[in-house]
Amino acid sequence: MKRVKKVSVKTILKILWIVYACYSLICWLPMIDRLISKDYEQISQCISLNDSWNIRINGVNYDNISLEDFRFPPVNVGDQIVMERILPENWKIEEGALRMHIRQSAVSLFIDSKKVYTYGYDRFAFKKTVGSGLQFINFPRDYQGKMLTIQLEVAENHAFTKFDPVKIYEWKNAYRVLITENRIPMLFGSFLVIFGLATAMITIFAVVFSIKYIRLLCVSVFSICIGLWTLCYYNVIMIFSIPLYSVSLVEYASLYLCPIPLTIYMYADVRELKNRFFKRMYQVLLTVQILVTSVVFVLHTKNIVHFTETLKYMQVLIVISLGYFFLVVLINLKKSSQIENRLFLAGMLVIGSCVTHDLVVYCSDRYFGIRIPTIRGMSCLGVIIFIFILVVSFYMNLTRKLMWETERNSLIKSAYTDELTQLHNRRYCMEYINKIKEEHVHDFTVICFDLNNLKMMNDTYGHAKGDILIKSAAEVIAETFEPYGIVARMGGDEFVAVLRTSDEDKVNAQMETFQKNIEKKNRQIQGLNMSIACGFASGSTQEADIDKIYQLADDRMYENKKNMKQKSDLH
């Protein structure tokens, strides 16, 4: 009959804590969401301007158009678009804000032929990126019933194939609506950025002391990149009044940089395969990522080719990288049954699915004009799950390595430590002496010790009393000489001290202190009567052979032991 393994109280407490934490998250997240969105119905009241548009694209007219249904071939650099419609005669909004989504275009807005807003023409004239994102334009009530004209001059190739909704909100509610609609990307993106910055500030210094923290640093940089991309892509960062072109720059830069830290993180997993082909593929992939990213940044900075024109190529590179990582983890999984590898594989599946989902949604919207209803921030959610798994995997690996190092250090200590006295043993002492020999050290002193009357103590009072005598001798020798070198038990009743000095006055002073410490120990332990014979010899520039010095110290010790025995016999 099999014995049931008892579960420790500590394990039960850990399980209960995990259950409590999960339950707290399940309870609190919906409450936080309701807190943010409770006023949404009230603040989201707006005037929709999506219908009754007359649109002219490169001289081709389209009348009475609804923006939700209107689709057209992708527009390119220099294309001219004019949108016109009559504003409603009456609306209740006191102080309005027109919300429109600008996509890589210079924009002018007219009310009855009077220009009331313009953006991007100065940058377009110098071939600089214009950017994409939401803009809020002051729209007072005296615009009612007037002609609204929007002129667009496209700044990038394949910029868009449809128009986004145009609405008028209360100015005081415009940004609140934006935040509420994008609350999930805002929360997830903010979490990733804060987590990444906090972790990076800690690990950037830890990496200096140990390269093992490089993976955690990669996770933090990857988190910052995805968090910034999310905040920019969903326009949440617009609440800080950052220029549109700067937001687009951060969005593309963070997206393009994110594969590099993830690839560096994967190095340990690739090395674990011990396969030359995969190592070469890894080197090629990392090199291509760094080179392509560097070239893309230079081309954008020089206004030769903007980020928007290289986006599809970077998307292909990201997909290839994810496929390669998945393959590496899958092969490692077959070789190892470690739980962190399984967790990592699950994380790769999650993030791969989420990124693929967002790529499909983005491409269908941008290139085909088809908007797919979906949950906002899927990539961000996938990355949060992935980062959580990476952190768990990292700490599991780190814990295992620390346990292995602790066990290894314990074994090393056992191999070089005398069990009874906890001093160094003969092996350590001989290796230390060989080290002195290899380094050609001349300034040293060897002291040999021999504990008197140990056999008599064992025979008369037993080995327990003999062990007390040995330990007491070890304590006295270590207390006196260990601050100036190493002390070792060579076996039985023999000890050695090797000091890194040959100053005769210093050594003689230490020998006097040694005798005083013996007397002190004898007063502390009744009936100990400890007596230790010793002899020393020092190295010099003339005679630096430590083997000979050791032998000389040993001879002097035996001579001292002989004299001590003779004196004892006389008494």
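Residues numbered from 1 in each chain as written. Predicted model: local features only at pLDDT ≥ 70, side-chain atom pairs only at ≥ 80, totals over all residues. Heavy atoms only, no water.

## Examining the sheet that holds strand 14 (residues 532-538)
Spatial ordering of the open sheet is given by 12-13-11-14, a layout of four strands whose pairing is antiparallel. Either end of the sheet is taken by a strand with one partner, and the two such strands are strand 12 (485-491) and strand 14. Ignoring strand direction, the axes of neighbouring strands in this sheet form an average angle of 15°. Sheet strands touched by helix 14 (residues 426-438): strand 12 and strand 13 (494-499). Its angle to strand 12, the strand with the most contacts, is close to 135°. (Pairing = 2+ DSSP bridges. Helix = DSSP H or I, 4+ residues; strand = E, 2+ residues; numbered from the N terminus. Axes fitted to C-alpha atoms, helices over the stretch in contact; angles between N-to-C directions. Contact = heavy atoms within 4.5 Å.)

## Considerations on a positive patch on the surface
A contiguous patch of positive charge, built from Arg271, Lys274, Arg276, Lys279, Arg280, Lys335 and Lys401, is present on the exposed surface. In terms of residue count, helix 10 (residues 276-301) provides more of the positive patch than any other element does, three residues in total. Along the chain, Lys401 falls in helix 13 (residues 378-415). Take Lys401: its relative accessible area is 48%, and that puts it in the partly exposed class. (Patch = residues over 30% accessible without salt bridge, like charges linked within 9 Å, V, L, I, M, F, W, Y side chains within 5 Å. Areas by Shrake-Rupley, 256 points an atom, 1.4 Å probe, with all protein chains shown as cover. Salt bridge = Lys/Arg side-chain N within 4 Å of Asp/Glu carboxyl O. Lys, Arg positive; Asp, Glu negative; His and termini not counted. Charge placed at Lys NZ, Arg CZ, Asp CG, Glu CD. Buried < 20%, exposed > 50% of the residue type's maximum accessible area, 1.4 Å probe, protein only.)

## A closer look at the side chain of Asn425
Residue position: Asn425 is located in the loop between helix 13 and helix 14. For Asn425, a relative accessible area of 14% gives the class buried. A polar contact of 3.1 Å, which involves the side chain of Asn425, links it to the backbone nitrogen of Tyr428. If we skip the residues at most four places from it in the chain, Asn425 touches Ser414, Ala415, Tyr416, Thr417, Asp418, Ala488 and Arg489. (Polar contact = N/O pair within 3.5 Å; in protein donor to acceptor, adjacent residues only side chain to side chain.)

## Some points on helix 16 (residues 463-481)
Given a rise of 1.5 Å per residue, 19 residues ought to cover 27 Å, and the 27 Å separating the end C-alpha atoms of helix 16 matches this to within 8%. All buried positions along helix 16 are accounted for by Gly466, Leu469, Ile470, Ser472, Ala473, Ala474, Val476, Ile477, Ala478, Thr480 and Phe481. (Expected span 1.5 Å × (residues − 1).)

## Things to note about the pairing of strand 9 (residues 147-154)
For a regular strand, side chains alternate in direction, first toward one face of the sheet and then toward the other. Here strand 9 lies mainly inside the structure; six of its eight residues are buried. Sheet analysis places strand 4 (residues 80-86) next to strand 9, joined by seven bridges and oriented antiparallel. Bridge pairing in strand 9 places Arg85 opposite Leu148. Pairing analysis gives seven bridges linking strand 6 (residues 105-111) to strand 9, with the strands arranged antiparallel. Looking across to strand 9, one finds that Leu109 is bridged to Ile150.

## Describing the confidence of the model for the protein
Looking at the protein as a whole, the pLDDT averages 84, with 90% of positions reaching at least 70. Counting interchain partners and residues more than four positions distant, the pLDDT-below-50 stretch residues 1-7 has one contact. (pLDDT = per-residue confidence, 0-100.)

## Things to note about a negative patch on the surface
Residues Asp443, Asp503, Glu504 and Asp505 make up a contiguous surface patch of negative charge. As for its position among the elements, Asp503 is in the loop between strand 13 and helix 17 (504-524). On the basis of relative accessibility, which here comes to 33%, the residue Asp503 falls in the partly exposed class.

## Some remarks on the packing of helix 7 (residues 244-257) against helix 11 (residues 307-335)
For the pair helix 7 and helix 11, interaxial distance at closest approach is 10 Å and the crossing angle is 25°. Between helix 7 and helix 11, the crossing angle belongs to the class labelled roughly parallel. For the element pair helix 7 and helix 11, the recorded crossing hand is left-handed. Residues Leu249, Tyr252, Ala253, Leu255 and Tyr256 of helix 7 lie in contact with helix 11, whose contacting residues are Phe307, Thr308, Thr310, Leu311, Met314 and Ile318. Of the residues belonging to the contact of helix 7 with helix 11, the class tally is nine nonpolar, two polar and no charged. (Parallel < 35°, antiparallel > 145°, perpendicular 65-115°, else oblique. Left-handed = near helix turned anticlockwise from the far one by under 90°. Nonpolar A, V, L, I, M, F, W, Y, C, P; charged D, E, K, R; others polar.)

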